[in-house]
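Examining the three-dimensional arrangement
Residue strings, one per chain:
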Amino acid sequence: MERDPLFREVQRFRQPWIWVLLGGIALLMLVLGPIAWGGFAIVVVIAGLVYSIRLQTEVRADGIYFKMWPLHRTFRHISWSEIERYESKQYGPLREFGGWGIRWAPGKIVYNVRGNRGVWIERTKGRAVLIGSQHAEEFVRAIDEAAQ
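Presented here is a report on the structure given in the accompanying data block. A quick note: this is a predicted structure, and the numbers were derived from the prediction, not measured.

About the cut-offs
Residues numbered from 1 in each chain as written. Predicted model: local features only at pLDDT ≥ 70, side-chain atom pairs only at ≥ 80, totals over all residues. Heavy atoms only, no water. Helix = DSSP H or I, 4+ residues; strand = E, 2+ residues; numbered from the N terminus. Expected span 1.5 Å × (residues − 1). Buried < 20%, exposed > 50% of the residue type's maximum accessible area, 1.4 Å probe, protein only. Arc of directions from axis to C-beta. Pairing = 2+ DSSP bridges. Axes fitted to C-alpha atoms, helices over the stretch in contact; angles between N-to-C directions. Contact = heavy atoms within 4.5 Å.

The next point concerns helix α1 (residues 16-32). Between the first and last C-alpha of α1 there are 24 Å, a value that for 17 residues agrees with the 24 Å anticipated at 1.5 Å per step. Listing the buried residues of α1 in full gives I18, L22, A26 and M29. Here the buried residues of α1 occupy an arc of 55° about the axis, which is enough to place them on one side. For α1, the exposed residues set more than 90 degrees away from the buried face come down to P16, V20, L27 and V31.

Read from one edge to the other, the open sheet built from 5 strands follows the order β5-β8-β9-β7-β6, with strand pairing classed as mixed. The open sheet terminates on both sides in strands that have one partner only, identified here as β5 (83-90) and β6 (101-105). With direction set aside, neighbouring strand axes in the sheet form an average angle of 15°. Of the strand pairs in this sheet, β5 and strand β8 (residues 117-123) are connected by 7 bridges, and their pairing is antiparallel. Note on β8: the bridge partner recorded for I83 is R123.

Moving on to helix α4 (residues 136-147). For α4, which comprises 12 residues, the first-to-last C-alpha distance of 16 Å matches the rise-based estimate of 16 Å (1.5 Å per residue) to within 8%. Residues A136, F139, V140, A142, I143 and A146 constitute the buried set of α4. Projected down its long axis, α4 shows its buried positions confined to an angular sector of 160°, all on one face. The exposed residues of α4 that point more than 90 degrees off its buried face are R141 and E145. Next to the buried residues of α4 lie β1 (7-12), β2 (54-60), β3 (63-69), β5, β8 and β9 (128-132).

Given below as structure tokens:
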């Protein structure tokens, strides 16, 4: 079917260290007692938000689509005519961008959820985009196939 994406990936924050950290903070709030109930509620809300976040990436016939739900309600779209160059890239999320999530730096924006691999997209106009992927090589092959 023509509407089916050539590549589709859904990533979520499921790293154990995130849940250990949030669980440890929640436990500390419970131990501190009634004074910390407000803090405990905030930790629970943050954990729920982190648990719900997902980075969806698709390569379709007319371009690359991605969204970080629930922060983005609709897909962001990069059409083939906007792409000057792209490549699979290994990067240091903490060292280069200060962590995971949506990260801005001068001239570039990064969408990543886990790992240190992604697809670097230089655009003809606007910021370069790095989209994190657990299957970066497959992502690039789908772009090669769709952009022809």
